[in-house]
Structure formats: C-alpha cells, structure tokens
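# Coordinate analysis (summary)
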Amino acid sequence: MAKLQKSQQQRSVFVEPVYSSAVALLIVLLACVELGDAVTVVDVYRLVQYDLGGVPLGSRLAALNHHAGSSLFSSSAGVVADLSRTVLILPVRELNLTFIREYIGQSKPLGGLLLLLPPIFSPEHTDSGGGVDDDSAKVLLKEVLVEVERLLIHANIPYPVYFGFEDEHINAMLADIKKNDASGQPATATTGGYKLVVAAPQPRKIVSPTIVNIQGWLPGLKADGDSNQLPTIAIVASYDTFGAAPALSVGSDSNGSGVVALLEIARLFSILYSNPKTRGRYNLLFLLTSGGPYNYNGTQKWLHSVDQRLRETIDYAICLNSIGSSSNELWLHVSKPPDNAYIKQMFEDFSSVSEELGLKVGLKHKKINISNSRVAWEHEQFSRVRVTAATLSELSVAPEFLESTGGLSDNRNFVNEASISRSVKLVAESLARQIYGQQGKNIEIFADDSSLSVNPSYMRSWLEFLSTTPRVAPFLAKNDPLIMALKKELADHTVEVNVQQEPLDGMFTFYDSTSGKLHIYQVASVTFDLLLLLLLGSYLITLFSFLVIITRGLDDLISLFRRPTSRKVKTP
Amino acid sequence: MTIFHFFNCAILTFGPHAVYYSATPLSEYDTIGTSVKTAVVYLVTALVKLVCLATFLKVSESDSFDPYQELLKALIGFVDVAGLYFALTRLTHRNISQNHKFQAVGLGWAFADSVLHRLAPLWVGARGLEFTWDYILQGLEANANLVLSISLAALGSLMWLRKNKPKTLIPIIYTCAGIVATMPSITSYLKLSLGWQLPKVVGFELFTSLVMAFISWQLFAACQKPSN
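The rules behind each value
Residues numbered from 1 in each chain as written. Chains lettered and ligands numbered in written order. Predicted model: local features only at pLDDT ≥ 70, side-chain atom pairs only at ≥ 80, totals over all residues. Heavy atoms only, no water. UniProt positions renumbered as here; feature names shortened; annotations may be inferred. Helix = DSSP H or I, 4+ residues; strand = E, 2+ residues; numbered from the N terminus. Rg over C-alpha atoms; globule rule 2.2 N^0.38 Å. Buried < 20%, exposed > 50% of the residue type's maximum accessible area, 1.4 Å probe, protein only. Contact = heavy atoms within 4.5 Å. Areas by Shrake-Rupley, 256 points an atom, 1.4 Å probe, with all protein chains shown as cover. Lys, Arg positive; Asp, Glu negative; His and termini not counted. Charge placed at Lys NZ, Arg CZ, Asp CG, Glu CD. Pairing = 2+ DSSP bridges. Right-handed = clockwise from strand over helix to strand, strands pointing away. Axes fitted to C-alpha atoms, helices over the stretch in contact; angles between N-to-C directions. Core = buried A, V, L, I, M, F, W, Y, C linked by side-chain atoms within 4.5 Å. Parallel < 35°, antiparallel > 145°, perpendicular 65-115°, else oblique. Left-handed = near helix turned anticlockwise from the far one by under 90°. Nonpolar A, V, L, I, M, F, W, Y, C, P; charged D, E, K, R; others polar. Salt bridge = Lys/Arg side-chain N within 4 Å of Asp/Glu carboxyl O.

- Going by an unreviewed UniProt entry, chain B carries the name BOS complex subunit TMEM147 and comes from Erythranthe guttata.
- Check the Sequence similarities (unreviewed entry) section of the UniProt entry for chain B; it says "Belongs to the TMEM147 family."

- If you check an unreviewed UniProt entry, chain A appears there as Nicalin from Erythranthe guttata.
- Regarding chain A, the relevant UniProt record gives this comment under Sequence similarities (unreviewed entry): "Belongs to the nicastrin family."
- Quoted verbatim from the Subcellular location (unreviewed entry) field of UniProt, the annotation for chain A is "Endoplasmic reticulum membrane".

Okay, structure coming up:
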C-alpha cells in the first residue's frame, strides 16, 4: 500500500514536465514547417531544343528535380547566391530584362528556369480578339516576350527551361516562396520549401523530320482549238510556325492569317470557276508550304520538284505573310526592280483596289544576295528560280532568322479579323481584275452582301482552329490531322490536290519532349526529420523509464544501468 | 529523406508497444504467447465486423452523422468487446497472474489494431516527397489506442475474471467499460457532426485515453485491496 502511494506520487511528478516539454517541442516543430497542401500538378511547356548546323541551341535538358526559388533569392543581401540547385520561377509580367540577359548571356549556372506567362497568352484563353483594352500594357508585355524569346532561342542553355501559365495555385506558391526568400532563408535540403519535379526522359532527336507542302489546282478555261498553255497565278502561304515553346507556337498572325486568307480566296475563286461562264483564262495554284521559318525550305523544295513546264507558265506568285494586325498599312515586298512589267502591273492593281478599301499599300524592293543562304521572304525563293513573285505583309522590314515566325506572343488575342478580311478582299479583287481583264474599271466583284462576299465566320472558324493548334513542322507527322484538314479543305475548293512530303533541311535537328507535367511538392527539411527523431527517441525512453518505475520500481531502473557491477557483487 | 519520415512515423506508431512489452514485467514472464493469440483473435473479430458492416450498413452519400447508422456501427463495435471477452476468458494462458494477463491481452489487441489499420497507409503514403502531418497524427492515435486497449482489457478482466468485487464499484466499472468500448463512435461523431479537424480529434483521444487509464488504474487498485 505504501509502495502504491509512493509510485502514484512519483508518477504525478513525472507526468507534468513530460507533458509540457512535449507540447513546447510540438509548437516549435509547427513553427518550422507549415501545414502542407496536396501535390499540385501543372502543365508546362519546354523550351525548344535544336541543333543548327551542329551547334547545340535551346534548353538541353528536360528532367527537373530541384528546389524552387524566386527572383528575390538571387538578390538577397547583395551576395551572389549559388543557384545551380535551384529552379528560378520568374513571372514574365515582372521580369527584369537585364537580369535575364546577364544570366543567359554569361551562362551562369542554374538548376532550372520556369517562366510564368499571363493567362492571356494561353491558347485556350478565349477572350475577345483584337486587342482593344489596356493596349499599352499588352504591347509592352509582347515586346518583353519577344525579347526573352530571342535570347532563349539563340543561346545554348544547359538546364531545363519551362513555360507555364499563372493560376491561383502557382501564384500562392510563388508568394510563399518570395516570403521565405525575403527573410533570407535559402531553400535547400535542410530548410524545407517547395520542390519542383518534372519527370521526363532524356530528349531524343527527331529522326528524319518531314515538311509537307499541299497544293491545290484550279484550271482555267481553255478556248477550243487553243493549244497553248494557260498562264498560271500562284497564291502561296506557309502554314508552319516556330517559337520558343513548340507546344505553344500557334502563330495566329504568323502565319495563321496567311493560311486563313489563302483558304478564303480559294473558296471565292472556286465559286467563280465552278461555272464555265465565269471561269477565267488563268489557272490558279494555291500552295500551302511548310518549312517557312527555316529559310522557306518547303517552297524551295517544291520549286525544284515541280514540273519545269508548269513553272514556266507561272506569271507571278503572291505570297501572304502576316496580314492580321490592326494597322491600315500593308507592304508589297519584291526582289525584282519595281520597273519590271509584271511588278508594275501587280502594284498598280493593288494600289487601285486598296484605295477603294481604305488601305495603304507600299512597295519595298530588297535585292537578293544569291551567295547568302538566308531567305527572308517567301517570294525570294521564287525569284531565285526566275519566277516573278511578291510578298504581301504588314511587316515593313524583313524579319530576322527565326523571328516573327509565330512565337509565344503571337496568339488569337492579337489578331484582328477585320484586317484579314480586308486583305482577302484586296488580293481577290486585284487578282480578279487581272484575270477577267477589268483593270481600271470601277467594278467590285466580291462586293459585300453578294453571293461572293468575303465570309467572316468561315475565316473566324479557321483562325480559331489554327490558333489552338501548334504547328512546328518537325513535330507534325506525315498524316497529322492538321495536314489532313488543310488537304481536305483545299480539295473542297480546288479540282486537284497534291501533297508533297520532303525531308527537312539537314542543317536543322530537333529534339522531342516539348511539354510535361510539373509536380510541386511541399517538403520538410532534414532538420525537421532529425528533430522529430530526437523527440520520438526521448519520448520512447521516457515511456520506458516511466513504465519500469511504475511496474518494477525505481530500483529496477537504476539496476538496469548497474548490471555489470552487480555481477561482481554476486560472486562470493 | 522520406524513408526517414516513414521510419519516424513507424517508430511512433509501433515503438510504444515494444517499449511497453520490454519495460514492464511482461518480458520477464514471457507473455508473448498470450499477445500473439490475442492478435489472432483480433484479426478474426475484425473479419466478423467487416462482414456485419458490409451486410447491414448502407453506404451513405453525404458525410453527415446519421444516428441510425452510427448506432448500428456501435452495436457492431460490441463485437470487439465479445472478442476481448473471448481472449481474456476462453483462451488458455500459461500460468500468469491476472495483473499481467490483461496487460498482455491489451498489448496484443492494440498491436494487431495498429498493424491492420495503420501499417498500409504508412507504407504507401509516408514515403512520398510531399510532407503532411497526417502520419504523425496517426501515430499519436495509435498511442492513444494502446492506452485505451489496455484500460479496456483491465476493466474487462475486472468484470469477468475477478469474482469478489466491492459492490459500490460495479456500476462504475461497467460505465467506464461502456465509454471505452464506444470510443470509436464518439470520435466519428466528433469528426462528422461537429466537424473537428484531425489534430483536435487526436488530442481528444489522447486526453480521454489518459483519463480512462487513470480511472481504470484506480478501479483496479481498489478491487485489489481485499485480496491484499
């Protein structure tokens, strides 16, 4: 009985300090790591990886497994931190261009880069197109994006670079990371934080990428007894794109607008040519080419493979490139001097029609340099084989290599449908006046509210389709649904459709793995685990001692530690 | 690192059982056989409960507390008590005193419960990269469960094995046994109808288990007095 009371007292003495210290430790632990959320999974799109003539460019890695850091991390306390095991998350909206230029230009080591784009640049973001509201902010953002793209495409980056879109999860996580970084604690294995993981295999080369040209033929009316070949007019547009993120390169303006215009013109002329009474004395050739960003590789291959006689019958070719912006000014780019008869004729036709439409068309002459392999405009490929050609575009200067080819900032929200309609009308009317010999006469063939009016909903549906389909040529299979759709559409409007498949110029090698899923984990640090181990160890030891004392008495506990000496005592 | 976390949670969940066995005189009297037999009885009881639940219980769409369903679950919970009765009275144990018998039975029961309910989620979940507090809370729950099982075994042995009990204490014994036996229903009521979060529920379980342990200790001591 006495023993029981004594053990009771001892137990109550032990319970309180154990309990209070356990509570204190628990509070400390809670302060170290906040309650974690479930895993977040986000779609991300990888920077393009390609070799140009053997020179590796773009992001060379795809797998990502590092801690996340924000832009504050690198500038904390003015000390240049070691970021080679950190993934920097940079929202493009707040991007510091000099910082990026420094990092990429000087090839500073980095664990990875995640650029966050505002949701307006997402292909799924359906907003009212045309860019009406807060223009200046959008324009500024567009410029920043173009600059960042240019930097990234032309650099050799040895770490993974991904593009993602801002949403509430990522924004919350970024705010959290910024808070941690601002307090000066770098997030590494010992201090917890967020871990970003993209599980992707090593990117492999795309073996023998193909470019597919689609050509539609509308034959003209041959008079009986006329054995001469009819002249041909070609209308050309390249349909593929290239951008920093191939999975996001939808190129609504470059060159979705050109493709949509070509299809509409084909539709209008197919109506005219279906009736022999209104069929003109010109053959019409509609050509959708691929390999545009790569010095118009597809056009060149088509020109070399097409029948020589057909090529000789081409009077001239009109190439369409980026006609979707809101400005009232278009440019006709030529490589033959402006006093060439065909060019003069073409330009006069365009000018007269444009006046009626309220557009302004200017003429720009740029000589070709045969020794330079760079082909800035599509018509230059035609000119190199002595076919008269011109390019109609909103751009006033020739774009640089891999620029204005449908990058990140080129999506549906920046294209004006009305401009495309006007351009279609311009080209169609000029062509029609040439074909039917109505130059100088005040006639409007494709008048509004007539059966031949330009159909805005047709163009809108094609524009929307193209604006949600990334079209980087090496990633399009030979029988890709896009190519099949374009082929079928041309087959509807023209009499004969030919599909030509060619290998892409050997100078370009592309690598796969263009998108992935980013897993964001909130991880506890090693110190937390060690602390927990310590805590548990002391808890179990306390429990053990407590139980021994209760059931066997304090003497037994002490005897556990004195076992070696007690043996000595036993021997007599 | 995450194996580390799994290891931590595992020792939190299963450590106390091992410690209890080695610290108390149970290890000296080699009562492991009893514990193993009790664990087997628990498995059988769990199977029976599962079959009953599947047969009689409707799967409810909402997360609310349905009194009728909960009553049914509590009744099925008494199968637990029956299992414990069987383990205490019907199984042949080696010649060990009553004092140690209930402890061994309670230990085996709690260990089987932990392994069955907590080992699989721990193995699958705690090894991932993502950190959550769930597994630590689960370990604490296992601790509370150990204490509760031992108290229930103590009260059970008082009820069924001890013949000469002071008359005044009998109703208290039965009330306490009733409370401990219906603990699962009480916790689910708290979780579903009052909307308590897991940490709060675990805290409540720990607190009540300590209180019930203390009460059953006192009752056991009081009942032991006449035989002194």
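## Considering the overall build of chain B
- The helix and strand tally for chain B stands at eight helices and zero strands.
- Along its sequence from the N terminus, chain B presents helices and strands in the succession α-α-α-α-α-α-α-α.
- Relative to its length of 228 residues, chain B is compact, with a C-alpha radius of gyration of 18 Å against a globular reference of 17 Å.
- Along the first, second and third principal axes, the C-alpha atoms of chain B reach 55 × 45 × 30 Å.
- For chain B, the residues scored as buried account for 50% of the 228 residues in total.
- Contacts in chain B between residues far apart in sequence, at least 24 positions, make up 80% of those at least 6 positions apart.
- Carbon and sulfur atoms form 68% of the exposed surface of chain B, whose accessible area is close to 11,300 Å².
- Side-chain charges in chain B split into 16 positive and 12 negative, and the spacing between the mean points of these groups amounts to 15 Å.

## Focus on the pairing of strand β11 (residues 232-238) of chain A
Residue and element names in this part refer to chain A.
- Most of β11 sits inside the fold, with seven of its seven residues counted as buried.
- Both faces of β11 are covered, namely the face carrying T232, A234, V236 and S238 and the face carrying I233, I235 and A237.
- Bridge count between β11 and strand β12 (residues 283-289): seven bridges; the pairing is parallel. What sits directly across from A234, in β12, is L285.
- Between β11 and its parallel partner β12, the chain crosses via helix α6 (residues 252-274), and the hand of that crossover is right-handed.
- Judged from the six bridges that link them, β11 and strand β13 (residues 314-321) form a sheet pairing that is parallel. For A234, the partnering residue across the bridge sits in β13 and is A317.

## Concerning the UniProt feature "transmembrane region" (unreviewed entry) in chain B
- When the UniProt feature table is mapped onto this chain, "transmembrane region" (unreviewed entry) is found at residues 39-59, 71-92, 104-124, 144-161, 168-190 and 202-223 of chain B.
- The distance from the first to the last C-alpha atom of residues 104-124 of chain B is 30 Å, and the span holds 100% helix and 0% strand.

## Overview of the sheet that holds strand β16 (residues 389-393) of chain A
All names here are of chain A.
- Ordered in space as β15-β14-β16-β13-β11-β12-β10-β17, the eight strands form an open sheet in which the pairing is mixed. Edge strands, defined here as strands with exactly one partner in the open sheet, are β15 (360-365) and β17 (496-503). Within this sheet the neighbouring strands show an average axis-to-axis angle of 20 degrees, counted without direction.
- Across four bridges, the pairing between strand β14 (residues 329-334) and β16 is antiparallel. The residue of β16 that forms the bridge with H333 is T391.
- The sheet contacts of helix α13 (residues 481-493) involve β10 (210-218), β12 and β17, and relative to β10 the element is tilted by about 10 degrees.

## Some details on the sheet that holds strand β5 (residues 86-91) of chain A
Residue and element names in this part refer to chain A.
- Pairing within the closed barrel is mixed, and its seven strands lie in the order β1-β8-β6-β5-β4-β9-β19. Averaged over neighbouring strand pairs, the angle between their axes works out to 35 degrees when direction is ignored.
- Sheet topology places β5 next to strand β6 (residues 112-117); five bridges connect them, and they run parallel. Its bridge partner lying in β6, L90 is registered against L115.

## So, the UniProt feature "transmembrane region" (unreviewed entry) in chain A
- Per the UniProt annotation, the sites labelled "transmembrane region" (unreviewed entry) are residues 530-554 of chain A.
- With 96% helix and 0% strand, the stretch residues 530-554 of chain A has end C-alpha atoms that lie 31 Å from each other.

## Side note on the nonpolar core
Residues and elements named next belong to chain A.
- The biggest cluster of nonpolar side chains holds 60 residues, and the ones touching the most others in it are Y239, F269, F286, L320, F446 and L486.
- A total of 11 residues in this core trace back to one element, the largest contributor, which is α6.
- Dropping the residues within four chain positions of it, L486 is found in contact with I214, Y239, V259, L263, L288 and W462.
- Membership of the second largest hydrophobic core comes to 49 residues, among which are Y294, V472, L504 and F510.

## Here's the deal with the packing of helix α7 (residues 183-192) of chain B against helix α8 (residues 198-224) of chain B
Residues and elements named next belong to chain B.
- Relative to each other, α7 and α8 sit at 150 degrees, their axes nearing to 10 Å. On the basis of their axis angle, the class for α7 and α8 is roughly antiparallel. Seen along the crossing, α7 lies across α8 with a hand that is right-handed. Contacts between α7 and α8 involve M183, I186, T187, L190 and K191 on the former and, on the latter, V201, F204, E205 and T208.
- Looking at side-chain class alone, the contact of α7 with α8 contains five nonpolar, two polar and two charged residues.

## Remarks on the pattern of salt bridges
All names here are of chain A.
- Counting across every chain of the model gives 20 salt bridges over all chains.
- Its salt-bridge partner being E94, residue K178 comes within 3.1 Å of it at the nearest N-O pair. Here the residue K178 occupies a position in helix α5 (residues 168-182), and E94 occupies one in the loop between β5 and α3 (97-105), the gap between them amounting to 84 residues.
- Here R412 and E417 are joined by a salt bridge, their closest N and O atoms 2.5 Å apart.
- Judged by its relative accessible area of 12%, R412 falls in the buried class.
- Under the relative-accessibility criterion, E417 is labelled partly exposed at 22%.
- In the salt-bridge network here, residues are joined through shared partners; they are R412, E417, R460 and E464.

## Notes on the packing of helix α2 (residues 32-56) of chain B against helix α3 (residues 67-90) of chain B
Residues and elements named next belong to chain B.
- It is at 9 Å that the axes of α2 and α3 come closest, and there the two elements cross at 160 degrees. On the basis of their axis angle, the class for α2 and α3 is roughly antiparallel. Once α2 is placed against α3, the crossing between them reads as right-handed. Contacts from T38, V41, Y42, T45, V48, K49, C52, L53 and F56 in α2 reach L72, K73, I76, V79, D80, G83, F86 and A87 in α3.
- By residue class, the composition of the contact of α2 with α3 is 11 nonpolar, three polar and three charged.

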